[in-house]
Amino acid sequence: QEEEEEEDAALSVERRITTKVLKQIIKDQQLYRQPSLNEKLYLHYRGFKCIEGLDEWTGLRALWLEGNGFSKIEGLDKLSELRCVYLHQNCIKSIENLQLCPKIATLQLNNNMIKTIENLSVLPNLSTLQIANNGLRTADDLRHLIMCPNISVLDLQNNHLEDVEVLDVLECMPQLAVLQLQGNPLISKTKQYRRTVISRLKALTYLDDRPVFEEERLAVAAWEVGGLSAEREERRRQRDEKEAAHRRNLEHMKELTKKARAEARAEGKEPPESDEEGDEGGEEHKVDDDDEVVAAATKSKPSAKYNVTPNKPQGESEQELYSRALRALEVKRAQLLAQKAAAKADDNTESPAAAAPAPAPPSAPQFHGSAAEDLVKLVSDREPVASAKPLSGYESAAHFDGARAGWVFKLGPHGLGYYRDNLEAAKHAVDESNIDQGDDGDEGEVPALVGKTKPHAPLASTSPPAVVANDNAADEDLDELD
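Because the structure is predicted, anything quoted here is derived from the model rather than measured.

**Examining the overall build of the protein chain**
And step 1. Regarding its fold elements, the protein chain presents 11 helices and 12 strands.
And step 2. Taken across its 482 residues, the protein chain has 33% of its residues classed as buried.
And step 3. For the protein chain, the accessible area works out to roughly 30,300 Å², and carbon and sulfur atoms hold 51% of it.

**Quick word on the pattern of salt bridges**
And step 1. As enumerated under the stated definition, the model contains 16 salt bridges in all.
And step 2. A salt bridge links Arg 61 to Glu 39, with the shortest nitrogen-to-oxygen separation between them at 3.9 Å. Remark: Glu 39 occurs in the loop between helix H2 (19–28) and strand E1 (40–42) and Arg 61 occurs in the loop between E1 and strand E2 (62–64); sequence separation between them is 22 residues.
And step 3. The shortest N-O distance in the salt bridge between Arg 404 and Glu 395 comes to 2.6 Å.
And step 4. Residue class for Arg 404 comes out partly exposed when judged on its relative accessible area of 32%.
And step 5. Take Glu 395: its relative accessible area is 36%, and that puts it in the partly exposed class.

**With respect to the packing of helix H5 (residues 193–200) against helix H6 (residues 214–266)**
And step 1. Two numbers describe how H5 lies on H6: the axes approach to 9 Å, and their chain directions differ by 120°. Between H5 and H6, the angle is such that the two are oblique. In the crossing of H5 with H6, the sense of the turn from one axis to the other is left-handed. Judged by residue contacts, Arg 194, Arg 195, Thr 196, Ile 198 and Ser 199 of H5 engage Glu 216, Arg 217, Val 220, Trp 223, Glu 224, Leu 228 and Glu 231 from H6.
And step 2. Residues belonging to the contact of H5 with H6 are distributed by class as follows: 4 nonpolar, 2 polar and 6 charged.

**With respect to the environment of Ile 146**
And step 1. Within the secondary structure, Ile 146 sits in the loop between strand E5 (128–130) and strand E6 (153–155).
And step 2. Once the C-alpha coordinates of Ile 146 and Met 173 are considered, the two residues, 27 residues apart in sequence, prove to be 6.1 Å apart.
And step 3. Those residues in contact with Ile 146 that sit more than four places away from it in its chain are Val 169 and Cys 172.

**Re the pairing of strand E12 (residues 415–420)**
And step 1. Sheet topology places strand E10 (residues 394–396) next to E12; 3 bridges connect them, and they run antiparallel. Bridge pairing in E12 links Tyr 394 to Tyr 419.
And step 2. Bridge count for strand E11 (residues 407–412) against E12 is 6 bridges, and the pairing is antiparallel. Each residue of the ladder has a partner; that of Val 408, found in E12, is Tyr 419.

**What to know about the nonpolar core**
A general feature of soluble globular proteins is that nonpolar side chains tend to end up buried together.
And step 1. Grouped together as the largest cluster of nonpolar side chains are 62 residues, with contacts concentrated most on Leu 43, Leu 63, Leu 154, Leu 170 and Leu 179.
And step 2. Among the elements that make up this core, the one with the highest residue count is helix H3 (residues 166–171) (4 residues).
And step 3. Sequence-distant contacts of Leu 43, that is, excluding residues within four places in its chain, are made with Ile 17, Leu 22, Ile 25, Phe 48, Leu 54, Leu 63, Trp 64, Leu 65 and Asn 68.

**Remarks on the packing of aromatic side chains**
And step 1. Tallied over the entire structure, the rule returns 6 aromatic pairs.
And step 2. Seen from their ring centres, Tyr 394 and Tyr 419 are 4.8 Å apart, and the 45° between their planes marks the pair as tilted. Pair noted here: Tyr 394 is in strand E10 and Tyr 419 is in strand E12, with a separation of 25 residues, a long-range link.
And step 3. Overall, the relative accessible area of 13% leaves Tyr 394 in the buried class.
And step 4. Judged by relative accessible area, which is 6%, Tyr 419 ranks as buried.
And step 5. What links up through ring pairs into an aromatic cluster is the set Tyr 42, Trp 64 and Tyr 86.

**A closer look at the sheet that holds E10**
And step 1. Across the sheet, 3 strands lie side by side as E10-E12-E11; this open sheet has antiparallel pairing. Bordering the open sheet on either side are E10 and E11, each of which pairs with just one other strand. On average, each strand axis in the sheet is inclined to that of its neighbour by 35°, with strand direction left out of account.

**As for H6**
And step 1. A rise of 1.5 Å per residue sets the reference length of H6, with its 53 residues, at 78 Å; its end C-alpha atoms lie only 47 Å apart and thus fall more than 12% short of the reference.
And step 2. Among the residues trailing H6, Gly 268 stands out with phi positive, at a value near 80°.

**Some points on the sheet that holds strand E9 (residues 210–211)**
And step 1. Here 9 strands make up an open sheet; going across it, the order is E1-E2-E3-E4-E5-E6-E7-E8-E9 and the pairing mixed. Looking at the sheet topology across the chains shown, the edges are occupied by E1 and E9.

**Digging into H2**
And step 1. Considered for burial, the residues of H2 that qualify are Leu 22, Ile 25 and Ile 26. Down the axis of H2, the sector holding all buried residues measures 105°, keeping them to one side. Along H2, exposed side chains directed more than 90 degrees from the buried face belong to Lys 20, Lys 23 and Lys 27.
And step 2. On its buried face, H2 sits against E1.
And step 3. Taken from the residues just after H2, Gln 30 is the one with a positive phi, measuring 55°.

**Quick notes on the confidence of the model for the protein chain**
And step 1. Of all residues in the protein chain, 66% have pLDDT values of 70 or greater, and the mean over the chain is 77.
And step 2. Below a pLDDT of 50 lies the segment residues 274–312, which in the model reaches 39 contacts outside its immediate sequence neighbourhood of four places, other chains included.
And step 3. Across residues 437–470, where pLDDT falls below 50, the model places 25 contacts with residues more than four positions away in sequence or in other chains.

Rules behind the numbers
Residues numbered from 1 in each chain as written. Predicted model: local features only at pLDDT ≥ 70, side-chain atom pairs only at ≥ 80, totals over all residues. Heavy atoms only, no water. Helix = DSSP H or I, 4+ residues; strand = E, 2+ residues; numbered from the N terminus. Buried < 20%, exposed > 50% of the residue type's maximum accessible area, 1.4 Å probe, protein only. Areas by Shrake-Rupley, 256 points an atom, 1.4 Å probe, with all protein chains shown as cover. Salt bridge = Lys/Arg side-chain N within 4 Å of Asp/Glu carboxyl O. Axes fitted to C-alpha atoms, helices over the stretch in contact; angles between N-to-C directions. Parallel < 35°, antiparallel > 145°, perpendicular 65-115°, else oblique. Left-handed = near helix turned anticlockwise from the far one by under 90°. Contact = heavy atoms within 4.5 Å. Nonpolar A, V, L, I, M, F, W, Y, C, P; charged D, E, K, R; others polar. Pairing = 2+ DSSP bridges. Core = buried A, V, L, I, M, F, W, Y, C linked by side-chain atoms within 4.5 Å. Phe/Tyr/Trp six-rings, centres within 6.5 Å; stacked < 30°, edge-to-face > 60°. Expected span 1.5 Å × (residues − 1). Arc of directions from axis to C-beta. pLDDT = per-residue confidence, 0-100.

Structure follows, in structure tokens:
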């Protein structure tokens with residue numbers, strides 16, 4: 001109870017701006033000890049009842065006095081250098097005693113009890129007046145603003161303005177650029193409120209919650225002359241003008257790109273890549289890109305026979321493309337193997353003079369750096385080989401048709417298909433050998449056929465040099481296919 005009484009007593013004591021208090025504020029805010037040297041002073045939210053004790057602070061330019069209990073503007077007679085005064089959230093009822101502060105440019109009076117704007121003509125430099133949340137009601141309460149022509153920012157939010165003639169007063173302020181009228185009954189009573197205010201206040205650049213752009217002002221000017229239809233026409237004209245400007249910029253960019261590509265082509269340099277698409281010049285860019293692809297393919301393949309242009313079928317996926325390329329490679333491998341076997345078979349009957357010289361193998365791998373579509377085109381362009389003789393122990397098959405006894409489905413040297421199972425054949429030979437030895441009554445070792453290969457002596461070459469070159473070319477083709 002004693003603590004409560006002491007607290008009540010402390011609250012009942014009137015707090016004043018004394019020299020002692022100012023010295024403590026200087027210490028807390030780290031200001032100059034000489035008051036006249038300071039340009040700003042914070043006295044906000046301290047519960048002071050009146051403005052006093054500031055006669056020595058003659059150098060102040062900004063003074064914060066909000067959140068106190070001031071009921072009157074006073075005690076500023078010696079502060080002739082003031083530029084900004086913040087007096088919001090007090091109990092001020094009238095605007096007065098500012099004639100000795102002629103340099104004030106910003107005056108903050110929100111959340112007070114002011115009912116009439118007055119005594120501001122003594123502030124010729126006043127440009128910002130914030131007087132929201134007060135008791136202003138009629139146009140007469142604002143009429144004194146006509147005597148303040150330099151005001152450019154005016155905040156009248158959340159007052160009680162309901163007189164439409166308020167706009168007549170605001171129209172007489174030539175430099176008014178920012179106006180806030182939200183929270184006043186005037187807005188609901190004015191037809192086409194935003195259009196009306198913008199049309200009457202010619203210097204306005206910001207109204208309430210959003211800016212006023214030049215496009216909106218032109219549309220409002222058209223509305224003022226011809227109504228909503230004229231405004232729609234003006235907005236359509238602005239939209240078409242923006243689109244035309246965009247098209248001009250795009251065409252200009254295309255011309256610059258086209259010029260740069262032409263200059264690069266004239267200098268023998270590779271034209272820069274461009275992602276632009278358009279009606280004019282689009283086909284030329286496409287042809288140039290195709291020429292670059294063909295040139296790159298020709299550079300990687302020295303022989304004219306393999307100069308192909310990539311042509312990927314429409315709607316074919318990458319996986320299907322590579323599957324098709326793989327199947328074509330296997331077919332070509334089988335043809336090359338058959339051609340090689342046929343060439344060896346014909347060596348015994350042909351004379352060296354009758355043998356035609358084979359073309360020299362390419363100096364570089366034919367498939368190095370080629371895409372899958374290049375391989376498909378290359379394989380399809382090669383000359384077809386005559387019907388090859390059937391190979392023993394191999395049956396060609398494009399897909400797995402089921403298990404077969406003694407056969408294995410795999411991708412082997414002859415291509416994709418069924419091959420004889422050598423392991424099963426070797427086991428079968430071992431079983432037959434065991435049976436034969438049992439019948440003869442002889443004891444002997446079982447031939448170790450499984451997992452071993454019989455060495456072959458090298459065969460003497462009797463083929464002419466041309467045939468050897470042909471075999472070498474076929475071997476290199478097989479290596480490249482592998």
